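# Analysis of the macromolecular model
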Amino acid sequence: MSHATPLRHRTGRALLIGAALLWLAFFVLLPLLSVFAQALPAAATGLTAGFKAIGHGAPVKALGAIGSGFAHSWSPYWEAITQPDALAAIKLTLIAAGIAVPANLVFGIAVSWAITKFDFPGKGLLISLVDLPLSVSPVVAGLIYVLMFGATGWFGPWLVEHDVQIVFAVPGIVLATIFVTFPFVARELIPVMTEQGRDDETAAVALGASGWQTFWHVTLPNIRWGLLYGVLLCNARAMGEFGAVSVVSGHIRGETNTMPLHVEILYNEYNFLAAFAVASLLALLALVTLVLKGLLEWRYGHGGSARH
Amino acid sequence: MALRPWRECQALTAISIQGVKRRFATFPALNGVDLDVESGEFLALLGPSGSGKTTLLRIIAGLDFADEGVVCFDGENVSELSVGDRHVGFVFQHYALFRHMTIAENIAFGLKVRKRRDRPSKAAIAARVEELLNLVQLPGLGGRYPAQLSGGQRQRVALARALAVEPRILLLDEPFGALDAKVRKELRRWLRALHDQVGLTSIFVTHDQEEAMELADRVVVMNKGRIEQIGQPDALYAEPASAFVYDFVGESNRVDVEVKDGAVHYLGRALALDAGDVRPGTATLAFRPHEGAVVESGGIPVTVTSVRLRGGLKRVEVQVEGDGLLELDMEHAPTVGSVIELLPTAYRLFER
């Protein structure tokens, strides 16, 4: 097929692909790599030295340079991420994601199910509401919770009276995270479930299956890859969310700092090595997400195509 | 709650539908339908899209509910029962097989989801699956997945899955709609043979008159949410109750005419046709393509626009002055462009 493509088109295609790759390399890959380079400066130097050594035809020397580079980098890196405040931030991030992701998993499925399997008044509004957290600035999302639960907010006096702290405490962070990450599961599932229609569920019910049996044996297997993908994106965002969480957190070190907030504080204190060390953990999460996403898409594209 | 004036079932037939009405938002899908289906009967619901045939089938199944009227099975009012409690087999146009399950798992599904005390043993289920695979002539394919089967095979699996739970009636929604012409014909004959073998009361929905006429014991012709006529295929063809039925059960030509003084007039000219007992006023003259003949005088003036070979005959297309196109099957075709006079040898007149 490609040999039939006119030369002009082939040049155009190469230019387009090249431009896209360069763009991605410059704006995505390079900054990501630099995070790791900043986090492990000696390792980076070691790598550079190692590559030079390979260039000079000295592989053993190269390995040595890389190895000693990593060894020198490792201990300050380890110190930065095992410092108590850092550990507290990691713990809080895991807690927030650990609550937000399961909550949005359940409600994401519920909303997608309602939207795709039933007709009811107000359905259009519900579909728009699902997308709202994506279109609203995270800062505004955070402010909504301050307005509602802050000391001067709607529920503020009642909360103060009953000694319940939501804003500037863990519950506020969890709420803001849930709000911001709500769309990810639902947005993955709605197209999948729309495409599959209602016939499978109707068939199962007609055969005598209960609602739960229908969901467990028919719906869930049909949406599993889309669901996993949605959960993955939801988790990545839950751990990485900065804006909304920043507004409701209050930045209390060791108490209400999540990883992204901790990175910002370290950075503002010119503690670059520690900042980039924690940042590299977040970046690593992004990479793991990307790899898993790639695997899922591969699985989706092949195994998932066995339909109809 | 919706009004249901009839609480009791008056007929003891396998399926009895009394005064069923259904309205979607502003669109009346069913305008009062009465229908009785005998046990073991194979019934076709025939009609164009929007005629209400699928809505009626879904209401019988319990997948949709009537605003008014009752649905009875063997004298039992099932109007309020949901699909799972009506014990009906339902077959979908697009099969709706569970794609992540094997064929055997698909067929066994209805048995496996039963409550523990009603559930057959694993061995009994496996035996039933084997039996059904043989019945639908797919022995040995139990381990495959739906994606590995052809459309016709998938529809047979869907049928086996529906039959596995031993339903009291079988409902099929355009069961051949997604298949190509050749497979459709084969599967049609096979389904008729299977029905004769199993003897289950069955209703299927179709918009294809050929399918309905070939397959069904009786055909219900539906239009605009009402039943136009119910009858055996031959009777529908020979004695159509309305122009709509006449049109729907075979190829037809229609010309607007006027009945005056016991004669049929076309554009003020009397045709050599007998109006019979049709009341004076505007009427539709209807005839089949093979019933048109060229006459010297007293016919409808038409211009021949095209002649094609079709089977052993010629398909002649003519333009009626001030009206649409007509299609005729003739042994000797007139030349294209010539003006002839046309008179049907057999025809029907429907008052409008």
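Thresholds, definitions, all that
Residues numbered from 1 in each chain as written. Chains lettered and ligands numbered in written order. Predicted model: local features only at pLDDT ≥ 70, side-chain atom pairs only at ≥ 80, totals over all residues. Helix = DSSP H or I, 4+ residues; strand = E, 2+ residues; numbered from the N terminus. Buried ≥ 20, exposed ≤ 12 C-beta atoms within 10 Å, placed from the backbone. Contact = placed C-beta atoms within 7 Å. Rg over C-alpha atoms; globule rule 2.2 N^0.38 Å. Nonpolar A, V, L, I, M, F, W, Y, C, P; charged D, E, K, R; others polar. Pairing = 2+ DSSP bridges. Axes fitted to C-alpha atoms, helices over the stretch in contact; angles between N-to-C directions. Expected span 1.5 Å × (residues − 1). Arc of directions from axis to C-beta. Core = buried A, V, L, I, M, F, W, Y, C linked by C-beta atoms within 7 Å. Domains from an automatic or database assignment. pLDDT = per-residue confidence, 0-100.

The subject of this paragraph is the overall build of chain B. For chain B, the count of helices and strands is nine helices and 20 strands. Expressed as a percentage of its 352 residues, the buried residues of chain B come to 41%. Taking contacts inside chain B between residues at least 6 apart in sequence as the whole, the part at least 24 apart equals 67%.

Time to look at the overall build of chain A. Regarding its fold elements, chain A presents 13 helices and zero strands. When the helices and strands of chain A are placed in sequence order, the string is α-α-α-α-α-α-α-α-α-α-α-α-α. Against the globule reference of 19 Å for 308 residues, chain A gives a C-alpha radius of gyration of 24 Å, more extended than a compact globule. C-alpha extents for chain A along the principal axes are approximately 75 × 75 × 35 Å. Burial status across chain A gives 35% buried among its 308 residues.

Taken together, the 19 residues of chain B in the interface contact 15 residues of chain A. Of all the elements in the fold, those that place two or more residues in the side of chain B that touches chain A are α2 (83-86), β6 (88-91) and α3 (103-112) of chain B. Looking at the side of chain B that touches chain A, its residues break down into 13 nonpolar, four polar and two charged.

All names here are of chain B. Sheet architecture is open: six strands sit in the order β6-β7-β8-β3-β9-β10, paired in mixed fashion. At either margin of the open sheet sits one strand with a lone partner, and together these are β6 and β10 (226-231). Averaged over all pairs of adjacent strands, the angle between strand axes in this sheet comes to 20 degrees, irrespective of strand direction. Across five bridges, the pairing between strand β3 (residues 42-46) and strand β8 (residues 201-206) is parallel. Bridged to Leu 45 within β8 is Val 205.

All names here are of chain B. With 14 residues, helix α4 (residues 122-135) extends 20 Å from end C-alpha to end C-alpha; this agrees with the ideal 20 Å at 1.5 Å per step. Listing the buried residues of α4 in full gives Ile 125, Val 129, Leu 132 and Leu 133. Down the axis of α4, the buried side of the element spans an arc of 105 degrees, and every buried residue falls inside it. For α4, the exposed residues set more than 90 degrees away from the buried face come down to Ala 123, Ala 124, Ala 127 and Asn 134. Of the surrounding secondary structure, the elements contacted by the buried residues of α4 are α3 and α5 (151-164). Once α4 ends, the next one or two residues include Gln 137, with phi positive near 55 degrees.

The next thing to look at is the sheet that holds strand β16 (residues 300-310) of chain B. All names here are of chain B. On the basis of which strands lie adjacent, the open sheet formed by five strands has the order β15-β19-β16-β17-β18 and antiparallel pairing. Edge positions in the sheet fall to β15 (292-295) and β18 (325-330), since each of these pairs with one other strand and no more. Averaged over all adjacent pairs, the angle separating strand axes in this sheet is 50 degrees, with direction ignored. Where β16 lies against strand β19 (residues 339-344), four bridges are found, and the strand directions are antiparallel. Paired with Val 302 across the strands is Ile 340, a residue of β19.

Moving on to the nonpolar core. Taken as a class, soluble globular proteins show a tendency for nonpolar side chains to be buried jointly. Membership of the largest hydrophobic core comes to 86 residues, with the highest contact counts inside it found for B:Ala44, B:Ile60, B:Leu171 and B:Val220. Among the elements that make up this core, the one with the highest residue count is α5(B) (seven residues). Sequence-distant contacts of B:Ile60, defined by excluding residues within four places in its chain, comprise B:Ile15, B:Ile17, B:Val71, B:Leu171 and B:Ile203. Within the second largest apolar cluster, 60 residues are counted, among which are A:Ala97, A:Ile178, A:Val185 and A:Leu232.

Right, let's get into unusual backbone geometry. For residues other than glycine, phi is negative in most cases, and the peptide bonds are mostly trans. Residues and elements named next belong to chain B. A positive phi angle, near 55 degrees, is found at Gln 137, a position not held by glycine. Here Gln 137 lies in the loop between α4 and α5. In this structure, Leu 267 takes a positive phi of about 45 degrees despite not being glycine. Within the element layout of this structure, Leu 267 appears in the loop between β12 (263-266) and β13 (269-274).

Turning our attention to helix α12 (residues 259-268) of chain A. Residues of α12(A) that are buried: A:Met259, A:Pro260, A:Leu261, A:His262, A:Val263 and A:Leu266. Just past α12(A), the residue A:Tyr270 takes up positive phi, approximately 60 degrees.

Okay, the domain arrangement of chain A next. In many analyses, interface size is given as the accessible surface area lost on bringing the parts together. Residues and elements named next belong to chain A. Domain annotation of chain A identifies domain 1 (2-76) and domain 2 (83-300). Once you take the C-alpha centre of each, domain 1 and domain 2 turn out to be 33 Å apart. Listed per partner, the contact involves six residues of domain 1 and seven residues of domain 2. Considering every element that reaches the side of domain 1 that touches domain 2, the biggest residue donor is helix α1 (residues 7-39), with five residues. Per-class residue counts for the side of domain 1 that touches domain 2 are five nonpolar, one polar and no charged.

This paragraph deals with the environment of A:His251. Residues and elements named next belong to chain A. Secondary-structure assignment places His 251 in the loop between α11 (243-249) and α12. Taking the number of C-beta atoms within 10 Å as the measure of exposure, His 251 has 13 and is therefore partly exposed. In sequence terms His 251 and Ala 169 are 82 residues apart; their C-alpha atoms lie 9.5 Å from each other. With residues near it in sequence (within four places) discarded, His 251 still touches Thr 256, Asn 257, Leu 261 and Ile 265.

Residue and element names in this part refer to chain B. Relative to strand β17 (residues 313-320), β16 runs antiparallel, the two sharing eight bridges. Within the sheet, the bridge partner assigned to Val 304 lies in β17 and is Val 318. In this antiparallel pair of consecutive strands, β16 and β17, the connection spans two residues, and Gly 311 shows a positive phi of 65 degrees. Sheet topology note: the β17/β18 ladder contains six bridges and is antiparallel. Its bridge partner being in β18, Arg 315 is matched across the sheet by Asp 329. Once β17 ends, the chain turns through four residues before running back antiparallel as β18, passing Gly 322 with a positive phi of about 70 degrees.

Any residue range with low pLDDT should be treated as having predicted coordinates unsuitable for detailed reading. All names here are of chain B. For chain B, mean pLDDT is 90; residues scoring 70 or higher make up 98% of the total. Of the regions scoring below 50 in pLDDT, residues 1-5 engages in eight contacts with residues more than four places distant in sequence or in other chains. At the level of chain-chain contacts, confidence expressed as ipTM amounts to 0.81, with global pTM at 0.77.

To continue, consider the environment of B:Leu133. All names here are of chain B. Within the secondary structure, Leu 133 is located in helix α4. For Leu 133, a count of 20 C-beta atoms within 10 Å puts it in the buried group. Along the backbone, Leu 133 and Ile 107 are 26 residues apart, and their C-alpha atoms lie at a distance of 8.6 Å. When sequence neighbours within four positions are dropped, the list of residues in contact with Leu 133 reads Leu 138, Pro 139, Leu 141, Gly 142 and Ala 160.

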